[in-house]
Amino acid sequence: MKVLNKNRRTENFLDLIPVKSEKFRTETDSEGKVTIFIENKGFFNFLAQKIFKKPRFSQVHLEDFGSFIFQQIDGVKTVKEIADLLHQKFGEKSEPLYPRISMYFNTLLNYGFVEVK
């Protein structure tokens, strides 16, 4: 799988090293499930919080695969190494492995939850 980087060079997606963004607070519960907290900023969010009692933070609850993957992101492991660990833990339930993990990482990247080295 190839991805186009900022310098217009293609790189193998599996060789990228993801790093968690410091913009978001996360918590892991006793079952290992990860929750990502997103602060609702800006004028309209401020009004919604005051008038409609909307929460200051939105929560994204990751499921089993997502929580496991997110916990493996340490700024050292490559996407391929994380994929291999996912397959070791979940076996056939993780298949199709590479399409699934590439879609998951693209989602994390698009929301800004992770960056790549």
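To start, this report covers the structure provided alongside it.

### Observations regarding the overall build of the protein
(1) Moving on: Looking only at helices and strands, the protein has 4 helices and 7 strands in total.
(2) Moving on: The order of α-helices and β-strands along the protein, N terminus first, is β-β-β-β-β-α-β-α-α-α-β.
(3) Moving on: The principal-axis extent of the C-alpha atoms belonging to the protein is close to 45 × 40 × 25 Å.
(4) Moving on: Residues counted as buried form 32% of the 117 residues belonging to the protein.
(5) Moving on: Pairs at least 24 apart in sequence give 55% of the contacts found in the protein among residues at least 6 apart.
(6) Moving on: Of the roughly 8000 Å² that the protein leaves accessible, carbon and sulfur atoms contribute 54%.
(7) Moving on: Measuring between centres, the 19 positive side-chain charges of the protein sit 8 Å from its 15 negative side-chain charges.

### Structural notes on the environment of Thr26
(1) Moving on: Structurally, Thr26 is set in strand β4 (residues 25-28).
(2) Moving on: The exposure class of Thr26 is partly exposed, given its relative accessible area of 36%.
(3) Moving on: Taking the C-alpha atoms as reference points, Thr26 and Gln59, 33 residues apart in sequence, are found 9.3 Å from one another.
(4) Moving on: Ignoring anything within four residues of it in the chain, the contact list for Thr26 reads Val34, Thr35, Ile36, Phe37 and Phe70.

### Thoughts on the sheet that holds β4
(1) Moving on: The antiparallel open sheet is built from 3 strands, whose spatial order is β4-β5-β6. Only two strands of the sheet have a single partner each, and these edge strands are β4 and β6 (57-61). Each adjacent strand pair in this sheet contributes to an overall mean axis angle of 25 degrees, direction not counted.
(2) Moving on: Here helix α2 (residues 64-72) sits on the sheet and contacts β4 and β5 (34-39); the angle it forms with β5, its principal contact strand, is near 75 degrees.

### Structural notes on the pattern of salt bridges
(1) Moving on: Following the criterion strictly, the structure yields 5 salt bridges and no others.
(2) Moving on: Across the pair Arg25 and Glu27 runs a salt bridge whose closest N-O atoms are separated by 2.6 Å.
(3) Moving on: With relative accessibility at 41%, the residue Glu27 sits in the partly exposed group.
(4) Moving on: Between Lys77 and Asp74 there is a salt bridge, with the nearest N and O atoms lying 3.0 Å from each other.
(5) Moving on: Judged by its relative accessible area of 22%, Lys77 falls in the partly exposed class.

### A closer look at the packing of aromatic side chains
(1) Moving on: This model, assessed by the stated rule, comprises 7 aromatic pairs.
(2) Moving on: Consider the rings of Phe43 and Phe44, whose centres lie 5.6 Å apart with planes at 70 degrees: the pair is edge-to-face.
(3) Moving on: The class for Phe43 is exposed, based on a relative accessible area of 57%.
(4) Moving on: When its relative accessible area of 68% is taken as the criterion, Phe44 is described as exposed.

### Remarks on the pairing of β5
A regular strand places its side chains so that they alternate between the two faces of the sheet.
(1) Moving on: Where β4 meets β5, 4 bridges bridge the pair, whose relative direction is antiparallel. Across the sheet, Arg25 pairs through a bridge with Phe37, a residue of β5.
(2) Moving on: Where β4 folds back on β5, the antiparallel hairpin that results is connected by 5 residues, among which Gly32 adopts a positive phi of roughly 85 degrees.
(3) Moving on: Strand direction decides the pairing type here: β5 and β6, joined by 5 bridges, are antiparallel. Each residue of the ladder has a partner; that of Glu39, found in β6, is Phe57.

Rules used in this analysis
- Numbering of residues starts from 1 in each chain and follows the order in which that chain's sequence is written.
- Totals for whole chains, interfaces and linings use all residues, but because this is a predicted model, local features are given only for residues with pLDDT of at least 70 and pairs of side-chain atoms are given and counted only at 80 or more.
- Excluding hydrogens and water, the side-chain figures rest on all heavy atoms present in the structure.
- By definition, any uninterrupted DSSP run of H or I lasting at least four residues is a helix, any uninterrupted run of E lasting at least two residues is a strand, and each is numbered from the N terminus.
- Only protein chains enter the accessibility calculation, which uses a 1.4 Å probe; a residue is then buried when its area is under 20% of its type maximum, exposed when over 50%, and partly exposed in between.
- It only takes one pair of heavy atoms within 4.5 Å for two residues to be counted as in contact.
- Note on areas: Shrake-Rupley, 1.4 Å probe, and residue coverage restricted to the protein chains presented here.
- Charge counting treats Lys and Arg as positive and Asp and Glu as negative, with His and both chain ends excluded.
- For the purpose of locating charges, the reference atoms are NZ of Lys, CZ of Arg, CG of Asp and CD of Glu.
- Any two strands with at least two DSSP bridges between them are considered paired.
- Fitting a line to C-alpha atoms yields each axis, with helices limited to the stretch in contact; the angle taken between N-to-C directions then spans 0 to 180 degrees.
- Any carboxyl oxygen of Asp or Glu that lies within 4 Å of a side-chain nitrogen of Lys or Arg is treated as forming a salt bridge with it.
- Two aromatic rings from Phe, Tyr or Trp, using only the six-membered ring of Trp, form a pair when their centres are within 6.5 Å; if the ring planes differ by under 30 degrees the pair is stacked, by over 60 it is edge-to-face, and anything between is tilted.

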